[in-house]
Every structure is written in C-alpha cells, then in structure tokens.
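If you want the building blocks of each chain, they are given just below.
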Amino acid sequence: MVMKGLYMKIDKKYLEFPQFLDNDLEGFFFVFPNKYPKVVKLYKDIAKRVYDNPKLFREIGDEHYKELTMAFSKIKGDYDKEYKKAKQAGLETELEFLTSIDERLNRMYCFRFWIINYLFPDGPLHGFYVENLKNYARRLANDVDLDIHDYEEKYLSIQRDLLQNDYADLYLQNALRCVDLFKVLKAEPKTKKIIEKIEPLIEKQNAASNKKIYQLLDPIFTMAEGKSAMAKKLQQYMAIAISQSKWRKTKMPFYTLIIHAVEFAEQNKKLEERHEQGNERIKSYLDLAKKTFTKQEYEELEVSYEMVRNFSMYKDVMGQIDALMLPFWINVVILRAEIILKEMGTGYVVKNGGPGSFYYYLSWYLPAKLKVQIYTVDTVDFDINKI
C-alpha cells in the first residue's frame, strides 16, 4: 500500500476543523473547542500531515492511544491514592476532588481520544475520502456492454466493498478467532472428545446443561495454563478470555468463548468465507485500477481506501479503553458527584448521565468556584507528563 501521497490534491476546506459531528453523542463539539482551543490547532496540524499519508495517521493514532492509556492510568492511580482522604474531609472537599478528576479526564479525552475517534472518522475529511471512493467505483464499473440496471448494480457492489474495506472489526475478529479455535479444539484428540460431549449440551440451554459444560471445559482451562504446544495454540486464540478469567477470578469469559466457537461454528465459518471473498474482490478492483488509471488517480484511490480503513480500525483501537474508562468515569466519579449534590440539598436530581455530565447537568448546581473552574478556558498544550 502507498506510504505517502506524491500527487494527491485536496481542497483546504477539508483540512479545517469540523463544523459539526453527527455522532458526537455527548455534544463535546460544543464544549471542547471552547474549553480547549489548542485542540483546534492540533487537529488542523495533524490533518495537514496525514491527509495523504495513511501510515503516518496510524503512527499518530498509536501514539495517541498509548498516551491515552498512560494518562488514564495516572489519573486513576491518583484517584485511588487520594480519594479516601478527600472523602474524610467532608462533602465539599470530596466534590472539589471529584471535579478535578473529571477535569483531568476531559482534558485527556479531548486531546488523546476525541481527535482520532471522532474528529477524523466523523468529520469532513472522511467525507472527502468516501466521495473519492464512490467516484472511482463508478469508473471501475464502466462497461459499455452493461445496461443501466446492471451497471448501477455493479457500481454499488464495488462501492460497498471499497467502503467496507478489508478490515475485520472487533466482532469479525472474534468470529475469525473462533473459527481457528474450533479447528484447534477439533484437531487435538483430548479436546475433540470434550467438544463432542458439550455439543448436544449447548443445544439444551439450561442451568443443568451449562453446569455440566463448565465442568467438561475445566480441563481445557488447565491445559491452556500450561506450556505445551496445545497450550500455546489455545493462548494464541484465547489470550483475552484467559486474562479476563484470571483478572475477574471467574472462568466465565473462557467458557463463553469456547461455547460461542462451538455453537456458532457454522455461522463463523461463513463469515470467514465472506470476508475472504470480499478481500479478493477488493484486490481485483485495486489491480484493475492500477492498470486502468493514471499514477496520480491510482494513488488518490489507494490513499482514500487506506484512510477509510484507518478510520474504521482506529475506532476499535481507541475504543479498547472504554471498558476501563467509562465505568470509572460515569459510575464512580460522576455518579458520586451527583449523589453529593443531592445530599447537599441543592435540589439536584441524579441523572446518571455520560462523560459530559459535569458540563450539562452538574454545573448548574455546583458551588461558584467549581463553576468557574469548569468553564474557564484552558489554553495549555497537552503534555502527558503534566496530565
């Protein structure tokens, strides 16, 4: 795939800060550019550097995710160390502490999550690439022997394949891993016997059969913890489920993955086949484009394809932190702040809202100095060492 655009031209309007975001459910578009004006310049600087360089976008995306996880770990660590002391000092001090934690989370979210996860995939630059792919799909469908109906059908098929691209999202990745896991379990005599025993039990879907399934799967868990060749294969396809089982101190993630691999073996196999067929079609389109289009046109098509793929991929990459970040932010920090406001007799009604709650709900009831803190502009550049 192309490393850097040599010819690609773009209207500067596509490199400007977005004017609106369709999927910004928290409405941060109406907060962050005002609260953190430096994010506007940062986005524009990145856009100018990556619009014709998919590889650089991935490098920056990886860097942002790395710093996102580092920042969250630092903030969460400070909360764990200091919260008890703040709580003992009384409701007002506790509320001040929680507000400061929320402020830090918002700064982190704005500069190291929102840019890659929202501004690029939901902004005008994405629309630019999509239009390019649609235009080139129409040209690839060009066939003088096709009637108008068949031409439109072919065009829409090519367009759909290019826009969906060859990236396997998290659901598909899990399905593909299940296909390989099922093959491994069926190939080993010991595990094959266990799988054959649980197959009829899975169909029953009741408490008694589930208990028996778990008992039958326990030896596989023990096997996966070992150092044999089979253990390495199981660890390859079940790494997340194994680590989650140990972390949660329950084998349910492990059981669930194997049950899914067995129960949906046929459907997962069909998904794998469809994915492979789609990849083959995309390759054929790109091969045809390379022969048909000029070097500049082909590069524009290739960059557009890769960038749309990048945007899909980094939605998943950035979203990996959700399982840790959101429960802490929403159910610990924000919910406790809401309860405090209620206990302080402010008349606040607990909303149990999302990450933007301090801006949209709590701020109306906060003490004056905390209101000022929340709505005071922050003009400092992001620094992972000062988060």
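Residues numbered from 1 in each chain as written. Predicted model: local features only at pLDDT ≥ 70, side-chain atom pairs only at ≥ 80, totals over all residues. Heavy atoms only, no water.

Some details on the overall build of the protein chain
Reasoning step 1: Helix and strand counts for the protein chain stand at 16 helices and zero strands.
Reasoning step 2: If one aligns the C-alpha atoms of the protein chain with their principal axes, the spans along those axes are about 75 × 65 × 40 Å.
Reasoning step 3: Expressed as a percentage of the 387 residues in the protein chain, the buried residues total 47%.
Reasoning step 4: Carbon and sulfur atoms form 53% of the exposed surface of the protein chain, whose accessible area is close to 20,500 Å².
Reasoning step 5: One finds the centroid of the 60 positive side-chain charges in the protein chain at a distance of 6 Å from the centroid of its 56 negative side-chain charges. (Helix = DSSP H or I, 4+ residues; strand = E, 2+ residues; numbered from the N terminus. Buried < 20%, exposed > 50% of the residue type's maximum accessible area, 1.4 Å probe, protein only. Areas by Shrake-Rupley, 256 points an atom, 1.4 Å probe, with all protein chains shown as cover. Lys, Arg positive; Asp, Glu negative; His and termini not counted. Charge placed at Lys NZ, Arg CZ, Asp CG, Glu CD.)

Describing the environment of Phe 254
Reasoning step 1: Looking at the element boundaries, Phe 254 is found in helix H11 (residues 252-263).
Reasoning step 2: Each C-alpha atom of the pair Phe 254 and Ile 240 lies 8.7 Å from the other, and the pair is 14 residues apart in sequence.
Reasoning step 3: Beyond its immediate chain neighbours, meaning those up to four positions away, Phe 254 contacts Leu 217, Ile 220, Phe 221, Ala 224, Met 238, Ala 241, Ile 242 and Ser 245. (Contact = heavy atoms within 4.5 Å.)

Describing the nonpolar core
Reasoning step 1: If you look at the biggest cluster of nonpolar residues, it comprises 92 residues, and the most contacted ones within it are Leu 105, Met 108, Tyr 109, Trp 114, Phe 120, Leu 125 and Tyr 129.
Reasoning step 2: When residues in this core are grouped by element, the largest group, 15 residues, is from helix H4 (residues 91-119).
Reasoning step 3: Other than its neighbours up to four places away in sequence, Leu 125 contacts Ile 10, Tyr 14, Leu 15, Tyr 43, Tyr 51 and Phe 120. (Core = buried A, V, L, I, M, F, W, Y, C linked by side-chain atoms within 4.5 Å.)

Some details on the packing of helix H7 (residues 170-187) against H11
A pair of packed helices can be characterised by two numbers: the angle between their axes and the separation between those axes.
Reasoning step 1: Where H7 meets H11, the axes come as close as 9 Å, and the angle between the chain directions of the two elements is 85 degrees. Here H7 lies roughly perpendicular to H11, going by the angle between them. Where H7 abuts H11, its residues Asn 174, Cys 178, Leu 181, Phe 182 and Leu 185 lie against Leu 257, Ile 258, His 260, Ala 261 and Val 262.
Reasoning step 2: Its residues assigned to classes, the contact of H7 with H11 comprises eight nonpolar, two polar and no charged. (Axes fitted to C-alpha atoms, helices over the stretch in contact; angles between N-to-C directions. Parallel < 35°, antiparallel > 145°, perpendicular 65-115°, else oblique. Nonpolar A, V, L, I, M, F, W, Y, C, P; charged D, E, K, R; others polar.)

Concerning the pattern of salt bridges
When their charged atoms lie close together, side chains carrying opposite charge are able to pair.
Reasoning step 1: According to the stated counting rule, one finds 26 salt bridges in the structure shown.
Reasoning step 2: Lys 35 is the salt-bridge partner of Glu 103, the closest N and O atoms lying 3.0 Å from each other. On the criterion of sequence distance, the pair formed by Glu 103 in helix H4 and Lys 35 in helix H1 (residues 32-35) is long-range, its members being 68 residues apart.
Reasoning step 3: Overall, the relative accessible area of 6% leaves Lys 35 in the buried class.
Reasoning step 4: A salt bridge links Lys 38 to Asp 381, with the nearest nitrogen and oxygen atoms 3.4 Å apart. Of this pair, Lys 38 sits in helix H2 (residues 38-50) while Asp 381 sits in the segment after helix H16 (368-374), placing them 343 residues apart in sequence.
Reasoning step 5: Assessed through its relative accessible area of 29%, Lys 38 is described here as partly exposed.
Reasoning step 6: A relative accessible area of 48% places Asp 381 in the partly exposed class.
Reasoning step 7: Overlapping salt bridges, with partners in common, bring together Lys 74, Asp 78, Lys 81 and Arg 104 in one network. (Salt bridge = Lys/Arg side-chain N within 4 Å of Asp/Glu carboxyl O.)

Side note on the side chain of Asp 378
Reasoning step 1: Note that Asp 378 resides in the segment after H16.
Reasoning step 2: For Asp 378, the side chain forms a polar contact with the side chain of Arg 107, separated by 2.9 Å.
Reasoning step 3: In this view, Asp 378 contacts Lys 35, Tyr 36, Pro 37 and Arg 107; residues no more than four positions away in its chain are not counted. (Polar contact = N/O pair within 3.5 Å; in protein donor to acceptor, adjacent residues only side chain to side chain.)

What to know about the packing of aromatic side chains
Reasoning step 1: One pass over the full model with this rule turns up 32 aromatic pairs.
Reasoning step 2: Plain terms: the ring middles of Tyr 83 and Phe 97 are 6.2 Å apart, the flat faces sit at 40 degrees to each other, and that makes the pair tilted. Residue Tyr 83 is found in helix H3 (residues 54-88), and its partner Phe 97 is found in helix H4; the two are separated by 14 residues along the sequence.
Reasoning step 3: Residue Tyr 83 is classed as buried on the basis of its relative accessible area of 15%.
Reasoning step 4: On the basis of relative accessibility, which here comes to 10%, the residue Phe 97 falls in the buried class.
Reasoning step 5: Ring plane angle 45 degrees and centroid distance 5.2 Å describe the contact between Tyr 136 and Phe 293, whose orientation is recorded as tilted. Residue Tyr 136 is located in helix H5 (residues 124-140), and its partner Phe 293 is located in the loop between helix H12 (265-292) and helix H13 (295-319); the two are separated by 157 residues in the primary sequence. As far as the burial class goes, Tyr 136 and Phe 293 line up, both buried.
Reasoning step 6: For Lys 315, the ring lying beneath its charged end belongs to Tyr 118, and the centroid distance is 4.5 Å. (Phe/Tyr/Trp six-rings, centres within 6.5 Å; stacked < 30°, edge-to-face > 60°. Lys NZ or Arg CZ within 6 Å of the ring centre and 35° of its normal.)

Topic: H5
Reasoning step 1: With 17 residues, H5 extends 24 Å from end C-alpha to end C-alpha; this agrees with the ideal 24 Å at 1.5 Å per step.
Reasoning step 2: Buried positions along H5 lie against H2, helix H6 (148-164), H12 and H13. (Expected span 1.5 Å × (residues − 1).)

Some words on H4
Reasoning step 1: Phe 113 marks where H4 bends most, by close to 55 degrees.
Reasoning step 2: Extensive coverage of H4 is indicated by the burial of 24 of its 29 residues. (Bend = angle between axes of the 7 residues up to and from the residue.)

Some words on the environment of Met 313
Reasoning step 1: With respect to the helices, strands and loops of the structure, Met 313 is situated in helix H13.
Reasoning step 2: When the C-alpha atoms of Met 313 and Val 332 are compared, they prove to be 29 Å apart, with 19 residues separating the residues in sequence.

Observations regarding the side chain of Arg 336
Reasoning step 1: In this structure, Arg 336 sits in helix H14 (residues 322-343).
Reasoning step 2: With residues near it in sequence (within four places) discarded, Arg 336 still touches Tyr 83, Lys 87, Leu 91, Glu 94, Leu 98 and Glu 343.

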